[in-house]
Amino acid sequence: MSARAVVPASSPRLALLVGSTRSGGAGRTVARWFLARAEEHGFRDVDVIDLAAIELPVVTGAVTGEGPPPVVADLARRIDAAEAFVVVTPEYNHSFPAPLKNAIDWFRQEWYAKPVSFVSYGGISGGLRAVEQLRLVFGELHAVPIRDSVSFHRTREQFDEGGAPKDPVGCGTAAKIMLDQLSWWARSLTEARAKRPYTA
């Protein structure tokens, strides 16, 4: 999976946040599939933020001294530059992974007035309970959770050995609906922030 793809200035800058750090999990497969759908849809400036590749320290309170660690400052720049987000998440114990919550909690204003969509995966619930909780978290951070999402139930049964979905039409249709909404919100909120900065 490439770290970044170059693109037209008119395309909203999208950050694809891969929320699981579990080795051998399905997160990378799901993220690769979705990255291709996003690029086909017109999102060409995509920053893939894979938390398994970033050693973020645990949030322990207010940052003191010389400011946040370099790895946090770098991620802050990437999140701040994004105009829209897609979070790829599994479901752990009816919720989402602790490393994802840690990554979200390091930042605040970087999330303000930006749309967030979700691609979830898991067992019989398809990660939907994780998404419901993430909607509350991002709402608290003044982000705008998008209504429609993409979910993979019994994930390991949904992809073949090459990482392609066995039902490309079903998940592809769901991805298009979500990306249509995300694109509209990304363009609208970016224009709104340019005219009047969002404060909370």
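In short, a report on the structure. Predicted, not measured: the structure shown is a model, and the values here were computed from it.

1. Some remarks on the nonpolar core
Then step 1. By size, the foremost hydrophobic cluster in this structure holds 29 residues, and its most contacted members are W111 and F138.
Then step 2. Within the residue set of this core, elements represented by two or more residues are β1 (14-18), α2 (70-81), β3 (84-90), α3 (98-105), β4 (115-122) and α4 (128-140).
Then step 3. Broken down by element, the residue count for this core peaks at five residues, all from α4.
Then step 4. With residues near it in sequence (within four places) discarded, F138 still touches V87, I104, W111, V116, F118, A143 and P145.
Then step 5. Counting residues in hydrophobic clusters, the runner-up holds 28 residues, among them A31, F43, V48 and A84.

2. Brief notes about α3
Then step 1. Among all positions of α3, only L100, N102, A103 and I104 are buried.
Then step 2. Among the structural elements, β1, β3 and α4 are those in contact with the buried residues of α3.

3. What about the packing of helix α1 (residues 27-41) against helix α5 (residues 168-195)?
Then step 1. The interhelical angle for the contact between α1 and α5, taken along N-to-C directions, is 55°, at an axis separation of 10 Å. Regarding the angle of α1 to α5, the classification is oblique. Remark: the crossing between α1 and α5 carries right-handed chirality. Contact residues: W33, F34, R37, A38 and H41 in α1; C171, G172, A175, K176, M178, L179, D180 and S183 in α5.
Then step 2. Residue classes in the contact of α1 with α5 are distributed as seven nonpolar, three polar and three charged.

4. Regarding the side chain of S95
Then step 1. Tracing the sequence through the fold places S95 in the loop between β3 and α3.
Then step 2. Within polar-contact distance, the side chain of S95 engages the side chain of Q133 at 3.0 Å.
Then step 3. With sequence-adjacent residues up to four places away left out, S95 is seen in contact with P90, A130 and Q133.

5. Some words on the packing of aromatic side chains
Then step 1. Tallying each qualifying case throughout the model produces eight aromatic pairs.
Then step 2. An angle of 80° between the planes, with centres 5.2 Å apart, marks the rings of W111 and F138 as edge-to-face. Of this pair, W111 sits in the loop between α3 and β4 while F138 sits in helix α4, and the two are 27 residues apart along the sequence.
Then step 3. You can call W111 buried: its relative accessible area is 1%.
Then step 4. On the basis of relative accessible area, F138 is assigned to the buried category, the value being 0%.
Then step 5. A centroid spacing of 6.1 Å and a plane angle of 50° characterise the contact between F118 and F138, whose relative ring orientation is tilted. Of this pair, F118 sits in strand β4 while F138 sits in helix α4, placing them 20 residues apart in sequence. Taken as a pair, F118 and F138 share a single burial class, namely buried.
Then step 6. Taken together through their ring pairs, the aromatic side chains of W33, F34, F152 and F159 make up a single cluster.

Reading the values: rules and limits
- Residues numbered from 1 in each chain as written.
- Predicted model: local features only at pLDDT ≥ 70, side-chain atom pairs only at ≥ 80, totals over all residues.
- Heavy atoms only, no water.
- Core = buried A, V, L, I, M, F, W, Y, C linked by side-chain atoms within 4.5 Å.
- Buried < 20%, exposed > 50% of the residue type's maximum accessible area, 1.4 Å probe, protein only.
- Helix = DSSP H or I, 4+ residues; strand = E, 2+ residues; numbered from the N terminus.
- Contact = heavy atoms within 4.5 Å.
- Axes fitted to C-alpha atoms, helices over the stretch in contact; angles between N-to-C directions.
- Parallel < 35°, antiparallel > 145°, perpendicular 65-115°, else oblique.
- Left-handed = near helix turned anticlockwise from the far one by under 90°.
- Nonpolar A, V, L, I, M, F, W, Y, C, P; charged D, E, K, R; others polar.
- Polar contact = N/O pair within 3.5 Å; in protein donor to acceptor, adjacent residues only side chain to side chain.
- Phe/Tyr/Trp six-rings, centres within 6.5 Å; stacked < 30°, edge-to-face > 60°.

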